[in-house]
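Chain by chain, the residues run as shown.
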Amino acid sequence: MTVFDGRGVYGAVAVGKAQLFKRHQTKVRRVSVSKPEQELERLRAAKDAAVRQLSAIHKKARKELGEAGALIFEIHMMMLDDDDFIDTIKDMIRTQRVNAEYAVSSAADSFAKMFSDMEDAYMQARSADVRDISNRLIACLSKGGGSRALPDGKMIICADDLAPSETILLDRSKVTAIVTAFGSANSHTAILAAGMNTPAVIGVGKEFLDAVEDGCLVGVDGHTGEVFVDPDDKTIRHLKQKQSEDSRRYQLLEQLKGKESITLDEKRVSICANIGGECGTDAAIANDADGIGLFRSEFLYLGSEDYPTEEQQFRVYKNVLESMKGKKVVIRTLDIGADKQAGYFGLEKEENPALGFRAIRICLSRPEIFLTQLRALYRASAFGELAIMFPMITSVPEVRQCLDMCEQVRKELKENGIRFDENTELGIMIETPAAAVISDRLAPMVDFFSVGTNDLTQYTLACDRQNERLRPFVDTHHEAILRLIEMSAKNAHENNAWIGICGELAADLTLTEKFLRMGIDEFSVSPPFVLPLREKVRSISLK
Ligand code: PEP
Ligand code: MG
């Protein structure tokens, strides 16, 4: 038996026969051409064919995975239409007089490298998407498009990496798990695999491909990220036991759907979901969240090549609000900077990005960006129960400026006769020690607080959250952090504001009772944690 470690992207277990994923690969050679116009014409025809294929895949994804899964292929179609990408290919054909396949492959190399060199993990993962669309274009140029060899029979798919379109084209009724040697947890493949409810482990390393062969037994533990090639009897028994525990637990959690998030002594709380985009609402609804407690709006900016317009943002916010059908949706305004960078913001490199020009500091320094977002948010407020939240607050003047800008937007909308909800709640994140310490001053200014324990922990313990080496020094239960939360809760309630927690600590079931005793009104967690947390809340009595 050989054991490999990777990243589990969907927490479930499978044992089964391996099937190596094989694909038709077209070898690309550089060929000099005398008639570049013919190559440009071939490129145009190949692009049309690729768009047709992608729209069929998009349809399949929408049927099987909903809007969330399908969105990836919409992005692929947009990438195929991207002027920078297509013009680079055309220029190369014209100036270097080379064949279209070679030009596509070279342009893809440089675009993929540009993405993989970015600091932000989300953007790095986009290089796989560039490869996926360029392989499709090359296949279409050589008339091989869509003829990838897909394996047959019930199996655990073992691959070097899987492109998103390869993942969606897998026959779900035959695939019991997915293991890839490469790829990141942020890749769209990982997101798709999770959406397919298929046990999946990503990035187990290239040695895995040498150890595994068609038909050999493989065990996959999506909880721990372990993959066992030729597992021994003891491991198989252990995995099978985990599998039956998973299904028992799954059934138990299913019974909690539709039930209230209420303690034994009848204290009601909200258990909401954290989402990173429009597509997250599917998972929030599937897990019966009481609302959205944190919509990280920056993903809209990160997934785009230029500032998203008011109209684009409005459509996304409106869709999220309408999908949640009257349940509260807390949308956090732009929290970019630090580990989340978008090139077009032109932000300078900083010595200490986590302590740098980020989030509300950018918004208040560049009001045109902030006002565009606030207008989109207020316009969307007419379509559901919106609350707006400001990140990285440290002072009273910052909150004052945010509220003034909201007032300015409301006034403008009123003057223009545009509908919005006057009662849209306004709140701030408590994610700096400064905000917690002066929470008595901040609470009277807002309707709610939401504690961002991820940043509150990094700033309180002076431990960069990106630095893996600091893990032994990060005590998430540190008394200083808990005291800051308790102090904020007390000050919120004394000023008629409510308080939630939306950082990772909200899902820590060992702290649920403590948080309830502090008076936390809302917990916002990633969608799979909603039902386990509801189960925990329902088992606690505060009397
Ligand atoms: C937090 O800091 O806890 C938080 C929820 O925000 P983010 O993780 O997006 O910084
Ligand atoms: Mg934060």
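Worth saying up front: this structure is predicted, and the values here are computed from it rather than measured. (Residues numbered from 1 in each chain as written. Chains lettered and ligands numbered in written order. Predicted model: local features only at pLDDT ≥ 70, side-chain atom pairs only at ≥ 80, totals over all residues. Heavy atoms only, no water.)

## With respect to the nonpolar core
- Ranked by internal contacts, the top residues of the largest apolar core, which has 88 residues, are Phe 390 and Phe 515.
- The dominant element in this core, judged by the number of residues it contributes, is helix α13 (residues 367-380), at 8 residues.
- Grouped together as the second largest cluster of nonpolar side chains are 37 residues, Val 104, Leu 137, Leu 141 and Leu 192 included. (Core = buried A, V, L, I, M, F, W, Y, C linked by side-chain atoms within 4.5 Å. Buried < 20%, exposed > 50% of the residue type's maximum accessible area, 1.4 Å probe, protein only. Helix = DSSP H or I, 4+ residues; strand = E, 2+ residues; numbered from the N terminus.)

## Focus: the domain arrangement of the protein chain
- Under the domain assignment, the protein chain is made up of domain 1 (2-23 + 148-253), domain 2 (36-142) and domain 3 (268-537).
- Here the C-alpha centroids of domain 1 and domain 3 sit 34 Å apart. (Domains from an automatic or database assignment.)

## Description of helix α18 (residues 479-494)
- Between its terminal C-alpha atoms α18 stretches 22 Å, which fits the 22 Å expected from 16 residues at 1.5 Å a residue.
- Of the residues flanking the end of α18, it is Asn 496, one or two places downstream, whose phi is positive at about 60°. (Expected span 1.5 Å × (residues − 1).)

## Considering the sheet that holds strand β1 (residues 2-5)
- The strand order across the open sheet formed by 8 strands is β1-β8-β7-β3-β4-β5-β6-β2, and the pairing between neighbours is mixed. The sheet terminates laterally at β1 and β2 (7-10), the two strands that pair on one side only. For this sheet, the mean angle separating the axes of adjacent strands, direction not counted, is 30°.
- Strand contacts of helix α8 (residues 233-254): β3 (13-20), β7 (217-221) and β8 (226-229), with the helix running at about 120° to β3, the strand carrying the most contacts. (Pairing = 2+ DSSP bridges. Axes fitted to C-alpha atoms, helices over the stretch in contact; angles between N-to-C directions. Contact = heavy atoms within 4.5 Å.)

## Some remarks on the site of ligand 1
- Inspection of the region around ligand 1 gives 14 residues, with Arg 296, Arg 332, Gly 452, Asn 454 and Arg 465 positioned closest.
- At 2.7 Å from an oxygen atom of ligand 1 is found a side-chain nitrogen or oxygen belonging to Arg 296.
- In this structure, Arg 465 approaches ligand 1 through a side-chain N or O atom, which is 2.8 Å from an oxygen atom.
- Across the complex, the protein chains shield 98% of the 290 Å² of accessible surface that ligand 1 would expose by itself.
- Comparing atom positions with the cavity grids shows ligand 1 to sit within the largest cavity.
- Counting residues per element, the shell around ligand 1 draws most heavily on helix α17 (residues 453-461), at 3 residues.
- Looking at the shell around ligand 1 residue by residue, the classes come out as 3 nonpolar, 4 polar and 7 charged. (Near = heavy atom within 4 Å. Polar contact = N/O pair within 3.5 Å; in protein donor to acceptor, adjacent residues only side chain to side chain. Areas by Shrake-Rupley, 256 points an atom, 1.4 Å probe, with all protein chains shown as cover. 1 Å grid on protein atoms, 1.4 Å probe; cavity = no way out; pocket = protein on both sides within 12 Å on 5 of 7 lines; lining within 4 Å. Sits in = over half its atoms within 2 Å of the grid points. Nonpolar A, V, L, I, M, F, W, Y, C, P; charged D, E, K, R; others polar.)

## Observations concerning the coordination of the magnesium ion (ligand 2)
- Protein coordination at the magnesium ion (ligand 2) comes from Glu 431 (OE) and Asp 455 (OD), with a distance range of 2.0 to 2.1 Å. You can see Glu 431 sitting in the loop between β13 (425-430) and α15 (433-437) and its partner Asp 455 sitting in helix α17, a full 24 residues away along the chain. Asp 455 shares its class with Glu 431; the two are buried. (Donors = N, O, S within 2.8 Å, 3.2 Å for Na, K, Ca; no water.)

## Side note on the packing of α13 against helix α14 (residues 396-415)
- Where α13 meets α14, the axes come as close as 10 Å, and the angle between the chain directions of the two elements is 55°. One way to sum up the angle between α13 and α14 is to call them oblique. Crossing hand, α13 versus α14: right-handed. Contacts from Pro 367, Phe 370, Leu 371, Leu 374, Arg 375, Tyr 378 and Arg 379 in α13 reach Cys 402, Met 405, Cys 406, Gln 408, Val 409, Arg 410, Glu 412 and Leu 413 in α14.
- Residue composition of the contact of α13 with α14, grouped by class: 10 nonpolar, 1 polar and 4 charged. (Parallel < 35°, antiparallel > 145°, perpendicular 65-115°, else oblique. Left-handed = near helix turned anticlockwise from the far one by under 90°.)

## A few points about unusual backbone geometry
- Even without being a glycine, Asp 230 presents a positive backbone phi close to 50°.
- For Asp 230, the location among the structural elements is in the loop between β8 and α8.
- Positive phi values are uncommon outside glycine, yet Glu 266 reaches one of about 70°.
- Residue position: Glu 266 is located in the loop between α8 and β9 (270-275).

## Thoughts on helix α3 (residues 100-116)
- The end-to-end C-alpha separation of α3 is 24 Å, in line with the 24 Å expected for 17 residues at 1.5 Å each.
- Those residues of α3 that sit buried are Ala 100, Glu 101, Ala 103, Val 104, Ser 105, Ser 106, Ala 107, Ala 108, Phe 111, Ala 112 and Phe 115.

## Topic: the pattern of salt bridges
- Within this structure, the stated rule accounts for 36 salt bridges.
- The partner of Arg 332 in a salt bridge is Asp 335, with the nearest N and O atoms 3.5 Å apart. In terms of burial, Arg 332 and Asp 335 fall into one category: buried.
- One network of salt bridges, with partners in common, ties together Glu 298, Arg 332, Asp 335, Arg 358, Asp 455 and Arg 465. (Salt bridge = Lys/Arg side-chain N within 4 Å of Asp/Glu carboxyl O.)

## Section: the packing of aromatic side chains
- This structure, assessed with the given rule, holds 12 aromatic pairs.
- Geometrically, the ring pair formed by Tyr 307 and Phe 345 is edge-to-face, given 4.9 Å between the ring centres and 65° between the ring planes. Linking Tyr 307 in the loop between α10 (298-302) and α11 (310-323) with Phe 345 in the loop between β11 (328-332) and α12 (360-365), this pair joins segments that are 38 residues apart in sequence.
- You can call Tyr 307 partly exposed: its relative accessible area is 28%.
- What makes Phe 345 buried here is its relative accessible area of 3%.
- Linked through ring pairs, Tyr 301, Tyr 307, Tyr 344 and Phe 345 together constitute an aromatic cluster.
- Between Lys 318 and the ring centre of Phe 383, over which it is positioned, the NZ or CZ distance is 4.9 Å.
- Here Arg 379 stacks its cationic end above the ring of Phe 314, 4.1 Å away from the centre of that ring. (Phe/Tyr/Trp six-rings, centres within 6.5 Å; stacked < 30°, edge-to-face > 60°. Lys NZ or Arg CZ within 6 Å of the ring centre and 35° of its normal.)

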